[in-house]
Amino acid sequence: MYEPTQLRTFLAVAQTLSFTQAARRLGLRQSTVSQHVRRLEEAAGRQLFARDTHSVELTGDGEAMLGFARRLLEVQAQAAAYFSGPPVRGRLRFGASEDFVLTRLPEILEGFRYDHPEVDLELTVELSGTLHERLAEGKLDLVLAKRRPEDPRGRLVWRDDLVWIGAERLRLDPDRPVPLIVYPPPGITRARALEALEDQGRPWRVVCTSGSLNGLIAAARAGLGVMAHSRRLIPPGLVRVPERAGLPALGRVDFALTHARTRGTTEGAADALAAAILAGGERLRRRSG
């Protein structure tokens, strides 16, 4: 009922929220991308995107299709891997940013280990900036982490808004510096938060620094201050800071998969894990538990 090519095109548009960027990513003409999406919408009998000259957004049915499309392509990839070629093996050094601690990434990794039992998977959880540094130094083979939207490195998994979050009871005093809860350098959300406040001319002070997401969450739940965080990954017990607080917009952030520059014996394993993450990406936007 649903053509894999159309599903892959749909996912590219859903991840980039841009027909132009999706066409560039897939190496297709924009008219072809539009045609694939239109045919998928005809097959589903539903509108998947709400679009005008300025923006592209998923409809409710589009959000539903996102999960179905990833699962369909994931099963297809698993079948293709099972029936083609020798088993993937070797040592794979994979780095994931702290953002995924509370998501369902462990489920994806568990499925990967089940499908590829001969791969020796080593997981490193760190700040995005640190992971990119280790990747450049040849200490990691594949990284799933944040990047700025203008950064060309890696393959986009999804793009999200950065928002201010804190405890529901927290009230900011407009006459006092903004209390910040941040990762240490080179944290990407830290840098973006400081840049936005500096651009606004708003004074700030750091009330908590931690390299652990759980540490930041604990401080935020205690009402110590606010933190910049992905809109889709807001932890339980925390909420978006209301606009009336007057905090500056933080823009968007990308979550991307980046391979090591030098790819040797780990190439097959890295490609297989990257495919599993891209196919199961919808689960990364959901909290575990």
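Procedures and definitions
- Residues numbered from 1 in each chain as written.
- Predicted model: local features only at pLDDT ≥ 70, side-chain atom pairs only at ≥ 80, totals over all residues.
- Heavy atoms only, no water.
- Buried < 20%, exposed > 50% of the residue type's maximum accessible area, 1.4 Å probe, protein only.
- Helix = DSSP H or I, 4+ residues; strand = E, 2+ residues; numbered from the N terminus.
- Pairing = 2+ DSSP bridges.
- Salt bridge = Lys/Arg side-chain N within 4 Å of Asp/Glu carboxyl O.
- Axes fitted to C-alpha atoms, helices over the stretch in contact; angles between N-to-C directions.
- Parallel < 35°, antiparallel > 145°, perpendicular 65-115°, else oblique.
- Left-handed = near helix turned anticlockwise from the far one by under 90°.
- Contact = heavy atoms within 4.5 Å.
- Core = buried A, V, L, I, M, F, W, Y, C linked by side-chain atoms within 4.5 Å.
- Phe/Tyr/Trp six-rings, centres within 6.5 Å; stacked < 30°, edge-to-face > 60°.
- Polar contact = N/O pair within 3.5 Å; in protein donor to acceptor, adjacent residues only side chain to side chain.
- Patch = residues over 30% accessible without salt bridge, like charges linked within 9 Å, V, L, I, M, F, W, Y side chains within 5 Å.
- Areas by Shrake-Rupley, 256 points an atom, 1.4 Å probe, with all protein chains shown as cover.

**Q** Describe the pairing of strand 11 (residues 252-259), naming the residues involved and giving the relevant values.
**A** Counted residue by residue, strand 11 has 6 buried out of 8 residues, so it is predominantly covered. Bridge analysis of strand 5 (residues 142-147) against strand 11 gives 6 bridges, and the strand direction is antiparallel. Directly across from V143, in strand 11, lies its bridge partner T258. Inspection of the sheet shows strand 6 (residues 155-166) paired to strand 11 by 6 bridges, in the antiparallel sense. Each bridged residue has a counterpart across the sheet, and for D160 the counterpart in strand 11 is V253.

**Q** So, the pattern of salt bridges: which residues are in play, and what are the values?
**A** Tallied over the full model, the rule gives 17 salt bridges. Across the salt bridge formed by E195 and R148, the nearest N and O atoms sit 2.8 Å from each other. Of the two residues, E195 sits in helix 7 (residues 188-200) while R148 sits in the loop between strand 5 and strand 6, which places them 47 residues apart along the sequence. For E195, a relative accessible area of 32% translates into the label partly exposed. Judged by relative accessible area, which is 27%, R148 ranks as partly exposed.

**Q** Residues and numbers for the packing of helix 1 (residues 4-16) against helix 2 (residues 19-26), please.
**A** Taken N-terminus to C-terminus, the directions of helix 1 and helix 2 make an angle of 125°; their axes are 8 Å apart at the nearest point. As judged from the angle between their axes, helix 1 and helix 2 are oblique. Between helix 1 and helix 2 lies a crossing of right-handed hand. Counted together, T9, A12, V13, Q15 and T16 of helix 1 and F19, Q21, A22, R25 and L26 of helix 2 form the full contact between these two elements.

**Q** How would you summarise the nonpolar core if you had to cite specific residues and measurements?
**A** One finds F94, W164 and L273 to be the most contacted residues of the largest nonpolar core, which totals 42 residues. With 8 residues, helix 9 (residues 267-279) is the single largest residue contributor to this core. Here L273 is in contact with L92, F94, L109, F112, L121 and L142, once residues within four sequence places are set aside.

**Q** Describe in detail the packing of aromatic side chains, supporting the description with residues and values.
**A** Overall, the coordinates contain 5 aromatic pairs when judged by the stated rule. Look at F100 and F255: their rings are 5.6 Å apart centre to centre, the planes differ by 70°, and that puts the pair in the edge-to-face class. Within this pair, whereas F100 is found in the loop between strand 3 (90-97) and helix 5 (105-115), its partner F255 is found in strand 11, the two being separated by 155 residues in sequence. Since its relative accessible area comes to 0%, F255 is described here as buried. Taken together, the ring pairs in this structure connect F10, F19 and F49 into an aromatic cluster.

**Q** So, the side chain of D160: which residues are in play, and what are the values?
**A** Relative to the helices and strands, D160 is located in strand 6. A polar contact is formed between the side chain of D160 and the side chain of S230, at a distance of 2.4 Å. Those residues in contact with D160, other than ones at most four positions away along the chain, are S230, R231, R232, G251, R252, V253 and F255.

**Q** Pulling in residues and values, what's your account of a nonpolar patch on the surface?
**A** A cluster of nonpolar residues, V101, L123 and V125, forms a patch on the protein surface that exposes about 210 Å² of accessible area. Its place among the elements puts V101 in the loop between strand 3 and helix 5. For V101, a relative accessible area of 32% puts it in the partly exposed group.

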